[in-house]
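A closer look at the structure
Take a look at the letters that make up each chain.
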Amino acid sequence: MELIQNTPDLSAYLAADEVVDHHHPLVRETAARLVEGVADSYDYARAAYEFVRDTVPHSQDAGDPRVTWRASDVLELRTGICHAKAHALAALLRAEDIPTAFCYQSLLHGDGSGHVVHGLVAVRFNGAWHRQDCRGNKPGVNARFSLDGEQLAFPVDPQSNEVDYPVLYAEPHPVVLSALKAAPDRPHLWKSLPTAL
């Protein structure tokens, strides 16, 4: 699949905003800690990915009802669904000048009740974009940071009408962000997440 930037301006994939608040002191402190002892930007990207994947539990897996969407809140509260964790990872990567995009899949819901939009990021290295999924591993899910072939949490199953969306967004998709901001808790969010983009 060819990944397509929704804006040709690469600097848009380094920007800070209210969601990807990489100017926030907690994001800066976390990035500074992670950058210590790494050899290069690739090693930093892997360290940031593993930090978000492994130290911020996916709120569904953890049974945490709180909803986070701003990167600094995800890092402070240490909880979030895939979209929130993607926002946190994007902030950490952009804090160290690594272009990072938001991308999405439509996957069959875990309970089989339909589809739900799943959030990922893509990082740009050596002139190419590489998708990464930091949602967090569990039995049956073994995502890894990789620039040599994707190791995502959920490869799509076309027979189940699952879809990989090729568009790389500089900002979180507004439909996803609206659902996150409006949800009073995760059980409500689970019912209001978009099924497709």
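Before reading further, recall that the structure is shown in the block above.
Residues numbered from 1 in each chain as written. Predicted model: local features only at pLDDT ≥ 70, side-chain atom pairs only at ≥ 80, totals over all residues. Heavy atoms only, no water.

1. Section: the environment of Phe51
Under the convention used in this document: Put simply, DSSP H or I for four residues or longer makes a helix, DSSP E for two residues or longer makes a strand, and each gets a number counted from the N terminus. Relative accessible area decides the class of each residue, using a 1.4 Å probe on protein chains only: under 20% of the type maximum gives buried, over 50% gives exposed, and in between gives partly exposed. Only heavy atoms enter the contact rule, under which two residues are in contact if any of them lie within 4.5 Å.
Within the element layout of this structure, Phe51 appears in helix H2 (residues 41-55). Classification of Phe51 by relative accessible area gives buried; the value is 13%. With 25 residues separating them along the chain, Phe51 and Glu76 place their C-alpha atoms 13 Å apart. In this structure Phe51 touches Thr30, Arg33, Leu34, Val56, Leu75, Arg78 and Leu92, once residues within four positions along its chain are discounted.

2. A look at the environment of Phe145
Along the polypeptide, Phe145 turns up in the loop between strand E4 (128-132) and strand E5 (163-164). Residue Phe145 is classed as buried on the basis of its relative accessible area of 9%. In this structure, the C-alpha to C-alpha distance between Phe145 and Arg131, residues 14 residues apart in sequence, is 8.8 Å. Apart from the residues lying within four places of it in its own chain, the contact partners of Phe145 are Tyr42, Ala45, Arg46, Tyr49, Val123 and Gln132.

3. Examining the nonpolar core
Note the threshold: Only buried residues count toward a nonpolar core, which is a set of Ala, Val, Leu, Ile, Met, Phe, Trp, Tyr and Cys residues joined through side-chain atoms within 4.5 Å.
In terms of nonpolar packing, the biggest core is built from 49 residues, with Tyr44, Leu89, Leu92, Leu93 and Phe102 touching the most fellow members. Elements supplying a minimum of two residues to this core: helix H1 (25-35), H2, helix H4 (71-77), helix H5 (82-95), strand E2 (100-108), strand E3 (115-125) and helix H6 (174-182). Counting residues per element, this core draws most heavily on H5, at 9 residues. Formed by 10 residues, the second largest nonpolar core is a distinct cluster that contains Tyr13, Ala101, Leu152 and Leu168.

Any functional reading would require information beyond the geometric quantities listed.
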